[in-house]
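Residue-level structural notes
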Amino acid sequence: MSGILDGKRILITGVLMESSIAFHAAKLAQEQGAEVILTAFPRPTLTERIAKKLPKPAKVIELDVTNQEHLDRLAGLVKDELGSLDGVVHSIGFAPQDALGGNFLNTPFESVATAMHVSAFSLKSLTMACRPLMSSGAAVVGLTFDAQFAWPQYDWMGPAKAALEATSRYLARDLGKEGIRCNLVSAGPIGSMAAKSIPGFTDLADVWNTRSPLEWNMADPEPTGRAIVALLSDWFPKTTGEIVHVDGGVHMMGA
Ligand SMILES: NC(=O)c1ccc[n+]([C@@H]2O[C@H](COP(=O)([O-])OP(=O)(O)OC[C@H]3O[C@@H](n4cnc5c(N)ncnc54)[C@H](O)[C@@H]3O)[C@@H](O)[C@H]2O)c1
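Residues numbered from 1 in each chain as written. Predicted model: local features only at pLDDT ≥ 70, side-chain atom pairs only at ≥ 80, totals over all residues. Heavy atoms only, no water.

Tracing the chain through its elements places Phe104 in the loop between strand 4 (85-90) and helix 4 (109-130). With 61 residues separating them in the primary sequence, Phe104 and Glu165 have C-alpha atoms 20 Å apart. Each residue touching Phe104, except ones within four places of it in the same chain, is listed here: Asp155, Trp156 and Pro159. (Helix = DSSP H or I, 4+ residues; strand = E, 2+ residues; numbered from the N terminus. Contact = heavy atoms within 4.5 Å.)

Structure, rendered in structure tokens:
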């Protein structure tokens, strides 16, 4: 059976647990015919353990997106394994505890800087690290949480996601002439490790129980994974700098 990623080589960051959005993107990408390589943080052993649950084997490379040495060696390591890349998935987010959970007014800049570095600037760093392996038709896909609104508890991850969304547009602008697309999926709440580390995340997720036109299941990252795979495929050939909402429709509800 043919898949929409047949023959494509895709690098996927952010596989930490089975609940990781990236795990589901990797699973669906393999099911759709892609050869997948994973990057791991904080330890390759954790990601290797989860990778065993994928339908096919996937090589794991250590990558802290804030570590320039890791970024510099990435293209060489990926080239040895796959030769080139048709797609890159950025599924990375982090903010220190004092930048989350209702402490917005008191968060020190050091914590804001960490959130911005890991969650937003890293889209540029990762894309540039992979750029030598990408050519016309390649796609970069990242994950956001709708940065148009001020959410309960989300605090400095909000401005970090706003920066990520703008970064994606500027990457789309500058890489368009090379035929490389850059898009984001704006997902509704999913009960992953990153989500559970936000104090009071269930208050935020409760919004979906009352406002989502489509029924929303926080335990199901597959709809988000499907959108990632679609954006990696050749079925969005002229779409770039776009944000596709996979949020049950909450983004367009007035009340
Ligand atoms: N869970 C949600 O409700 C939700 C909603 C919308 C968007 N997102 C976004 O989806 C993406 C994936 O998150 P998730 O929900 O799957 O959680 P997750 O905890 O499974 O994934 C977050 C990943 O970020 C990685 N990471 C953190 N610091 C890193 C660093 N310095 N270098 C490299 N990797 C690093 C972690 O290893 C982890 O794999 C994030 O960008 C997150 O903000 C999540």
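Moving on: the site of the ligand. Around the ligand, the structure places 26 residues, and the nearest of them are Ser20, Phe41, Lys161, Ile190 and Ser192. A distance of 2.6 Å separates an oxygen atom of the ligand from a polar atom in the side chain of Ser20. Within the backbone of Ile190, a nitrogen or oxygen atom sits 2.8 Å from an oxygen atom of the ligand. When the ligand is considered free in solution it has 820 Å² of accessible area, and contact with the protein chains removes 94% of it. By residue number, the principal contributor to the shell around the ligand is helix 6 (residues 193-196), which donates three residues. (Near = heavy atom within 4 Å. Polar contact = N/O pair within 3.5 Å; in protein donor to acceptor, adjacent residues only side chain to side chain. Areas by Shrake-Rupley, 256 points an atom, 1.4 Å probe, with all protein chains shown as cover.)

A separate point is the packing of aromatic side chains. For the structure shown, the criterion picks out six aromatic pairs. Geometrically, the ring pair formed by Phe145 and Trp208 is tilted, given 5.8 Å between the ring centres and 35° between the ring planes. Of the two residues, Phe145 sits in the loop between strand 5 (134-144) and helix 5 (157-175) while Trp208 sits in helix 7 (residues 201-211), which places them 63 residues apart along the sequence. Given a relative accessible area of 7%, Phe145 falls into the buried group. (Phe/Tyr/Trp six-rings, centres within 6.5 Å; stacked < 30°, edge-to-face > 60°. Buried < 20%, exposed > 50% of the residue type's maximum accessible area, 1.4 Å probe, protein only.)

This part takes up the sheet that holds strand 7 (residues 243-246). Taken in spatial order, the seven strands line up as 3-2-1-4-5-6-7 in an open sheet, and their pairing is parallel. Edge positions in the sheet fall to strand 3 (59-62) and strand 7, since each has one partner strand and no second. Averaged over all pairs of adjacent strands, the angle between strand axes in this sheet comes to 20°, irrespective of strand direction. Examined bridge by bridge, strand 1 (residues 9-12) and strand 4 share three bridges and lie parallel to one another. Bridge pairing in strand 4 links Leu11 to Val88. Seen against the sheet, helix 3 (residues 68-82) touches strand 1, strand 2 (35-40), strand 3 and strand 4 and runs at an angle of roughly 165° to strand 3. Packing against the sheet, helix 5 makes contact with strand 4, strand 5, strand 6 (181-187) and strand 7, and its axis sits at approximately 155° to strand 6. (Pairing = 2+ DSSP bridges. Axes fitted to C-alpha atoms, helices over the stretch in contact; angles between N-to-C directions.)

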